[in-house]
Amino acid sequence: TASSSGINAEYGGFTEMHAEVPDVLSSTLTAKATAGSTTLTIKDNVADKWKVGDEIAIASTSNVPEEAEKRKITKVEGHVLTLDKALEFEHDYMLETIHDHTYERSAEVGLLTRLITVEGVMDPADTSLYGGRVLVSDYSQVNDKGEREEYIPVAQILGVRFKNCGQRGYRDYWDPRYAVAIQNTKPGESSYVKSCAIDVSHNHAIGILGSHNVEVSGNVVYHSRGSGILTNSENTKIEGNTVIYMRSYGNWENPVEQDNYKMDACFETYETKTASLKNNRCGGSERAGFSTQGEELSSNVWQNNVAHSCLWGIFVRKAKIEVTKLNNVILWQNYDFGVVHWSGSSLVIQNSVLADNGFSVFALVAGPNPLSHSLTDKYVEYKNTLIYGRNANSACDERKKSVNPTAKLTGIGYHSPVKAKGGRIGIYLSNFMGGFSGWPKKPIQKPMSYSAIQGLTTMSGVTFANFNRCEDVAISDLKSNGDCFHPMKMSGMKYSGVDMESNLLHMNNPQLGFVNSADCVDMPCDAKKKILITDLDGTTLGKAGTTLTSRSEFQWDSDDQRWGMGDYRLPNQMTTAMDGSFIKPSTWPNKGIDRMLNGEQVCEFNAGYNMYKCSGVTYKMLIIESMDGDTEVRRLSPVALATDEGSVDLINGPMDHGWCGGYTCQQRISTFYALVIVGKEYKLYLTSTQPQSMRYMLIDAAAGDKIKLDIWYAKSQRLDVYYKGKYKAPTNAKKKADGTYSYATDKTAEELYPKLSSGAGTNFFDSKKHWLSMLIKGPDPFTIKTSPKIVLSLTLESVDGSDFFNEDKIIENLAALLDVPKNKIKIAKIVAEGRRKRSGQEFQVEISEPAIEDEASMDVTKVTEMATALTKASETFVETVQKGELGKVLNAEVKSVAVQLPEIPPADQRNQTVDQEEAAKITDTTYAKKKAKEEAEKAENSAKISVLIPDSLKLIDATKRVAVLSNLDMRSKVVTSDDKIVPLLGAGNKKWKASVSILEGPKDGRVLGTNMVTFANGYGNLTDVRVSRKGKYKFKLSVSYPENLGHKIEDITVEITEQDKNSPYKRVLFKFDGDYDEVVGEKTNEFTTYMKNLLKKKFPKYQFDDIDHYKGSLIVETTVSTSSSNKDDTAAAISKMAEDTKGGFDIDFNGKTVRMAEFSGDASKGSSNTAAIVVPIVIVVLLAGLAAGGFLVYKKKQNRVSESIHMSKVKNVDSDPTLMRQQEGSNIYTNKVVAVEAPCESDTQEGQLAATEPLAKIADSVGKRQDSLKNLRRRSIHKAFQALNRLESAVNDPKYNPMVDQLDEICVEGGSAPGTRPGTSPGTRPGTVDSTPGTSDSEGNWRERHNTVTECVTCKEVKKTWPCPICSGPRYCSKPCLDKDWAEHHIHCRSRSRNTMHGDEDSF
């Protein structure tokens, strides 16, 4: 049926459109057509086939596909066509034969005219790009019987022109609005699209979707906005088609889709692996010529396919086949790459021509991920192929001048990395990676994963031609790959027009830009330093077997230390002899890859190649691979590979490729790629301790290729070697009948070392020199696994002079002690040292599992199980020694003991992310130094450790004078009877446990922070120990495990002073109405956790530490701080807490609910005077505001005056050990002094009105008072308000303050003597009365403290007088005298009566 939008085949219809067509529908030029020409000469004779008035399309032959042109024929003369208009662009033709290859560059000419035309009828002014379409698709419906009926159509279309068809934007397979789409047709029927012309499509031109065995042949597609021919179907036959000018879907005029990453192609078949492509031509594409999987190695369905003037000629995209074969392809004048292989498949390019491309081949072979440790022999192979650099007519700057529309895009606009002058490259060294690059959002050639373990490139019968100018290079490396280029070998090579010294190949030096913490860390990675190219037959380098190797020593000992290369990077064990003496780095004068054989240099440097050319030796790449779970987080580099002939090479390993939340992960896999000469001996050193599992392998090694590798291990241990999955016993082992091994002692170590003539996997571990020597032979991997082992070094002497040394008896006793079978224990070494066994014997015991024959069974789980069991045994052994009980077990006197503990394999830490806050921190050390320190500590801890018997424990190096809440920085040590440090205190889960506690000190002093001690090398640091009260303390160290040691314990005395005023930590106290024993009881730890969680929930912005609580009244004390670590912020936090808790709150614990009764805390901000907040809940309504100074404020508005009463000068008995403390029901208010102040507002005004009313006697009043604490508290509060009322009266009563109506003038300008206030004398505090609580003017005890026989200022009589209660100034004998003198005296007091007057009730 037909519709306004196209033609639909429905209800299982048979769609057939046929028209007669000539037998030639497309041809190619045989002569160049210059710009301005009106004639074309083509290959085919089209007289009587193509007619005047027919329309044709001519393809571009430049880098710009839009130079395609459309013309009408005005005259046909055999091979010559006359056009209606002159050509705007040049269309090239060239034919050149080089050796056995022919390179023809020629523009396609396609016939667009057909007898049947389906036109989209698009108005030229319409920019919607919404044309007609043809859709042939299946259909289903439910019939009258309720049954679903399927209708599968058949489409047969031949000789039809589809003009201005397709609908922009609808590209989904389920709604394919292409010019022609065939969807889900009958597999058994012969659907096809033949000999048609697509003349401008606003979508893909022809799509075959879910329709198998469809033929698409002989079609001409011109100007498709999307792929020319697309299929995702099986067995699509695509033959003899011509696509001219494929436009990118994201690069249309209106608008340009800059984020469109779709890689459309003239021929898009990458979603199927069974498409047949023969004799197809792509003449210009803004994306790819072919997007495909290629064909399988065993098939033959690709023949004579051409792509030119594209961004990429062929894009092999994640092929789902094992090997991608590109056979008989002709790719020329492609802007970026001739071939882009971005796939997990191996690649074979054969019988092809790749010419005039920016870069002929870029091959990225992905997988397997090296973190999986999987081995797969993947390869890239070039056979019988021409790689052609630049034709004679191509200008050096042609690439720059060419304006490819894709270069304007920000999305796909990542192009090949051209040289500054536009030089072309034949092939890049292949990139065998663990994963894909970040394309399309990142450049396709930029690696985003580690290099794969294996990989090999071979070239045979390849011809390189015309690489002789413009800095063109036949072979080069990729700058962005910093990790590894796997070996390449060549044979049967041919060259034409190639400058063999300057243009054959050039390898880049390492890049300093990669030497940073986010990439290679502190020295270059190895890709540019370990390149290996071998000429098998001499057709390239002149002599069979000649190799090219990198300049690995680049920047060694450079003045620019940023390179990190030099003798100082040699691993420490390399420059340290067994006796500790220094080995000079000059021992290895030959830096870089080994170039020595029998004392002679075998290589010479070629500056043009930037490589060494070596003859007479065979190089292979050696893989050195950590198999441990911490391979990414544990740094082994730099790795040194040295020879006895004086060569040394440093290997850094791959760069960091991880991204963890926008940061690099600071993780690098410990897989290293080294180059070695076959038939030589090498020594391998790691910068840090050896992993527990390592694997070694020679890439592309013949069966007879071998090296002897000696690997240095930091400690003596059992190392099991596996070859081809089976255990290879060392040369000193002999298998016994029970399957276990005995170890020979009748041969010297020199006799046991493997020779180059030994068999593959022959090995020996020299425990004295710490070398594992192994013969690596052939291409198979060799694995070294560390078997967990305990090594005991014992020196015993007889107790009674008898012959105690009986090996069987010692093994039997140790087996009983450690609960280990006897067959796992052996006496490994006996050292007589010239002494008779009766007087003493030194010997070594090894405890380990028997060797496991099958490598697969020796996995991490098994090794962990073995190590765990041995660790338990070692724990028992160390504890027995340090309790002094080993002698009893062995019936001998123990003179010395050393133990080497087993190692548990590291946990799997692959693909883990890092803490980004930690990663973002700026530290004072580099990542490399940090890791080196960690590894050094690990090596030290894993070495053999002496087991000494402790005699005493001491606290040392504690600061003798420390402020409250400051860390004491204590340090403890454990020593023997002769004062030697005991480095090992228990092992595994039986390590010593100790804590610091108070031996003597203030009654309520408590240890805060972390008081548990962790011992390391005999010392225990306590950096988080604080105490809660000031005073003198004596501390002791208490050992909780092992128990009943009976060791001497020394103590240390420390004086705790007042808290530092700048400390960001402050203590606060909560008192609850409840009995401690009833609420908390024995659940002290649970209550601590409960309170910490409760306070954190209630005050989430603050930190609470050192939570403490006391028996008796339920009081909780804690240290509070803020994230800013600022004292003022902490003070503000306490003020806020006081405000938030003024109504109290409940706690529910242990089935009891109690309410907070009181809160107190220090809220001072930098003042030397303490300013505390005390919130008794009974007056919380009155004490409601907070003053600017952080004090709790009582604020009352009366008449015209608003008072702000600051409660300050609070002294807490809890912080003063000289004061008595009431035990049961004690409260902090019995020992407080409160001062009330009303300061002036102006900074330029001096004076204040102040009065002080003490609440309780400080020293002995608690003990003397008989009243209940409740009455005492009520009386104290009452007296405080008496003081406030007097102050209020003084301010508001005109009798005492004549200027009450002019309050703005109460504060006066300062004019007193320095250091004084108006109405005061030097050295006195203005406006204070130190009176006794509970009294008034008429009460005697106030008079008793302040009476003095002196002259009254009013009556002038000499008698007992007391000072003015406001300013402590003039003295009076009675209150009437004071009142009488007020008019004259008030000037001294009124300057202090200025209060905050203009603030409202909420101003605080």
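Everything below is about the structure shown above.
Residues numbered from 1 in each chain as written. Predicted model: local features only at pLDDT ≥ 70, side-chain atom pairs only at ≥ 80, totals over all residues. Heavy atoms only, no water.

Undergrad: Explain the environment of E600 to me, please; I cannot follow it from the model alone.
TA: Considering the arrangement of structural elements, one finds E600 in strand β53 (residues 600-601). Of the residues examined, E600 reaches a relative accessible area of 53% and is grouped as exposed. For the pair E600 and E645, spaced 45 residues apart in sequence, the C-alpha to C-alpha distance is 9.3 Å. (Helix = DSSP H or I, 4+ residues; strand = E, 2+ residues; numbered from the N terminus. Buried < 20%, exposed > 50% of the residue type's maximum accessible area, 1.4 Å probe, protein only.)

Undergrad: Explanation requested: empty space enclosed by the protein in the structure shown.
TA: Any empty space left between atoms is shown by rolling a water-sized probe over those atoms. Enumeration according to the criterion identifies 11 cavities of 30 Å³ or more in this entry. Approximately 100 Å³ is the volume attributed to the second largest cavity. In this structure, the second largest cavity is lined by 11 residues; those nearest its centre are T689, Q690, K715, Q717 and E903. (1 Å grid on protein atoms, 1.4 Å probe; cavity = no way out; pocket = protein on both sides within 12 Å on 5 of 7 lines; lining within 4 Å. Points joined across faces, edges and corners; volume = space filled by probe spheres on them.)

Undergrad: How should the environment of K785 be read in this particular structure?
TA: The residue K785 is located in strand β71 (residues 782-787) in this model. Judged by relative accessible area, K785 falls into the buried class, the value being 13%. Once residues lying within four places of it in the same chain are set aside, the contact partners of K785 are Q692, S693, R718, L719, D720, Y722, E855 and M858. (Contact = heavy atoms within 4.5 Å.)

Undergrad: Explain the nonpolar core to me, please; I cannot follow it from the model alone.
TA: The nonpolar side chains of soluble globular proteins are, as a tendency, buried together. Formed by 97 residues in total, the largest nonpolar core has its most connected members in F162, F464, I475 and I533. Leaving out residues up to four positions away in the same chain, I475 has contacts with I427, L429, F464, M488, M490, L504, L505, H506 and M507. Counting residues in each nonpolar core, the second largest holds 47 residues, with L622, I651, Y682 and I784 among its members. (Core = buried A, V, L, I, M, F, W, Y, C linked by side-chain atoms within 4.5 Å.)

Undergrad: I'm lost on the state of the cysteines in this one. Help?
TA: Any covalent bond linking the sulfur atoms of two cysteines counts as a disulfide. In total, this model carries 4 disulfides according to the counting rule given. Through a disulfide, C266 is tied to C282; the S-S separation comes to 2.1 Å. Taken as a pair, C266 in strand β27 (residues 265-268) and C282 in strand β29 (residues 281-292) lie far apart in primary sequence, 16 residues in all. Here the two residues C266 and C282 agree in accessibility, since each one is buried. Each disulfide pairs two cysteine sulfurs, and for C396 the partner residue is C470, the sulfurs being separated by 1.7 Å. (Disulfide = S-S within 2.5 Å.)

Undergrad: I tried to follow helix α4 (residues 860-882) on my own but got confused; where do I start?
TA: Every α-helix winds through 3.6 residues per turn, so residues three or four apart in the chain are directed the same way. With 23 residues, α4 should reach 33 Å at 1.5 Å per residue; the first-to-last C-alpha distance of 32 Å fits that figure. Following α4 by one or two positions, G884 has its phi on the positive side, about 75 degrees. (Expected span 1.5 Å × (residues − 1).)

Undergrad: I tried to follow helix α10 (residues 1127-1140) on my own but got confused; where do I start?
TA: Taking 1.5 Å per residue, 14 residues should reach 20 Å; α10 reaches 20 Å between its end C-alpha atoms and fits that length. Three or more residues of α10 are buried, namely K1127, T1130, A1131, A1133, I1134, S1135, M1137 and A1138.

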